[in-house]
Amino acid sequence: MTTNILILCTHNSARSVLSEGMLNHWARKLGKDVRAYSAGSAPSGRINPHAIEALGQAGVDTAGYRSKSWDEFTGPGAPEMRVVITVCDSAAAEQCPYWPGGPVKVHWGYPDPSLAPEAEKARAFELTRQAIGYRMLQLLQLPLQSMSDADLRRALDAIRAS
């Protein structure tokens, strides 16, 4: 059974998209039955082109990527999430809706690369992609299918602290 993971950032234009792309990329490469989704509470309606560029240069296929509302993941027919990860502080502070399945929630904050000066944006997005990619690799090393929610929460907190 596929382990579904939802990654949230307020605008779903950069950090959450980088996370979705890297988790799905590594899951495919490692043969893990894990599927990442990203969304935002107030989606911008577009994905930052620097995020697409950073993912593309890492070999991630971004065809079909779009900015999505977290509402898509709350109703009937939505995939049941095992984990919900917030990647920006503003999303972590928001009152989240009910997620089908009662997933384990964790906050892995990253600085917003879109705030970097224009001349440094590409590098900021690449460094953020690398940092996110490393944590996603750590997540994929966990025996997600067999972990209790309490054990999973402790493991996700340990990844955040590392």
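Residues numbered from 1 in each chain as written. Predicted model: local features only at pLDDT ≥ 70, side-chain atom pairs only at ≥ 80, totals over all residues. Heavy atoms only, no water.

### Thoughts on the overall build of the protein
(1) Moving on: When helices and strands are counted, the protein shows five helices and four strands.
(2) Moving on: In sequence order, the secondary structure elements of the protein are arranged as β-α-β-α-β-α-β-α-α.
(3) Moving on: For 162 residues, the compact-globule formula gives about 15 Å, and the C-alpha radius of gyration of the protein, at 15 Å, lands near that figure.
(4) Moving on: When the backbone C-alpha atoms are referred to their principal axes, the protein occupies close to 45 × 30 × 30 Å.
(5) Moving on: Out of the 162 residues belonging to the protein, those deemed buried represent 49%.
(6) Moving on: Restricting to contacts in the protein with at least 6 residues of sequence separation, those with at least 24 account for 71%.
(7) Moving on: In the structure as shown, the protein presents an accessible area of about 7800 Å², 53% of it carried by carbon and sulfur atoms.
(8) Moving on: Positive and negative charge centroids in the protein, built from 17 and 16 side chains respectively, lie 3 Å apart. (Helix = DSSP H or I, 4+ residues; strand = E, 2+ residues; numbered from the N terminus. Rg over C-alpha atoms; globule rule 2.2 N^0.38 Å. Buried < 20%, exposed > 50% of the residue type's maximum accessible area, 1.4 Å probe, protein only. Contact = heavy atoms within 4.5 Å. Areas by Shrake-Rupley, 256 points an atom, 1.4 Å probe, with all protein chains shown as cover. Lys, Arg positive; Asp, Glu negative; His and termini not counted. Charge placed at Lys NZ, Arg CZ, Asp CG, Glu CD.)

### Some words on the nonpolar core
(1) Moving on: Counting 36 residues, the largest nonpolar core has Leu 23, Ile 85, Trp 108, Leu 139 and Leu 156 as its most contacted members.
(2) Moving on: Within the second largest apolar cluster, nine residues are counted, among which are Leu 6, Ala 39, Phe 73 and Trp 99. (Core = buried A, V, L, I, M, F, W, Y, C linked by side-chain atoms within 4.5 Å.)

### Focus on the pairing of strand S2 (residues 34–39)
(1) Moving on: With five of six residues buried, S2 lies mostly within the body of the structure.
(2) Moving on: Examined bridge by bridge, strand S1 (residues 3–8) and S2 share six bridges and lie parallel to one another. Residue Thr 3 lies in a different strand from S2, and its bridge partner there is Val 34.
(3) Moving on: The β-α-β motif built from S1, the intervening helix H1 (residues 15–30) and the parallel element S2 has right-handed crossover chirality. (Pairing = 2+ DSSP bridges. Right-handed = clockwise from strand over helix to strand, strands pointing away.)

### What about the side chain of Ser 67?
(1) Moving on: Residue position: Ser 67 is located in the loop between helix H2 (49–57) and strand S3 (83–86).
(2) Moving on: Note on Ser 67: relative accessible area 14%, which makes it buried.
(3) Moving on: A polar atom in the side chain of Ser 67 sits 3.5 Å from the backbone nitrogen of Ser 44.
(4) Moving on: Polar side-chain contacts of Ser 67 include one of 3.3 Å to the backbone nitrogen of Gly 45.
(5) Moving on: Excluding anything up to four places from it in sequence, Ser 67 contacts His 11, Asn 12, Pro 43, Ser 44, Gly 45, Arg 46 and Ile 47. (Polar contact = N/O pair within 3.5 Å; in protein donor to acceptor, adjacent residues only side chain to side chain.)

### Remarks on the packing of aromatic side chains
(1) Moving on: Following the criterion strictly, the structure yields one aromatic pair and no others.
(2) Moving on: Judged by centre distance (5.4 Å) and plane angle (55 degrees), the rings of Tyr 37 and Phe 73 are tilted. With Tyr 37 in strand S2 and Phe 73 in the loop between H2 and S3, this pair connects stretches of sequence that are 36 residues apart. Each member of the pair, Tyr 37 as well as Phe 73, is classed as buried.
(3) Moving on: In this structure, Arg 35 is placed above the aromatic ring of Tyr 37, and the distance from its NZ or CZ to the ring centre is 4.4 Å. (Phe/Tyr/Trp six-rings, centres within 6.5 Å; stacked < 30°, edge-to-face > 60°. Lys NZ or Arg CZ within 6 Å of the ring centre and 35° of its normal.)

### Some remarks on the pairing of S3
(1) Moving on: Judged by which residues are buried, S3 turns out to be covered on both faces: Val 83 and Ile 85 on one side and Val 84 and Thr 86 on the other are all buried.
(2) Moving on: Bridge count between S1 and S3: four bridges; the pairing is parallel. Bridge assignment links Ile 7 to a residue of S3, and that residue is Ile 85.
(3) Moving on: For S3 and strand S4 (residues 104–107), the ladder comprises four bridges, and the chain directions are parallel. The residue bridging Val 84 from the neighbouring strand is Lys 105, located in S4.

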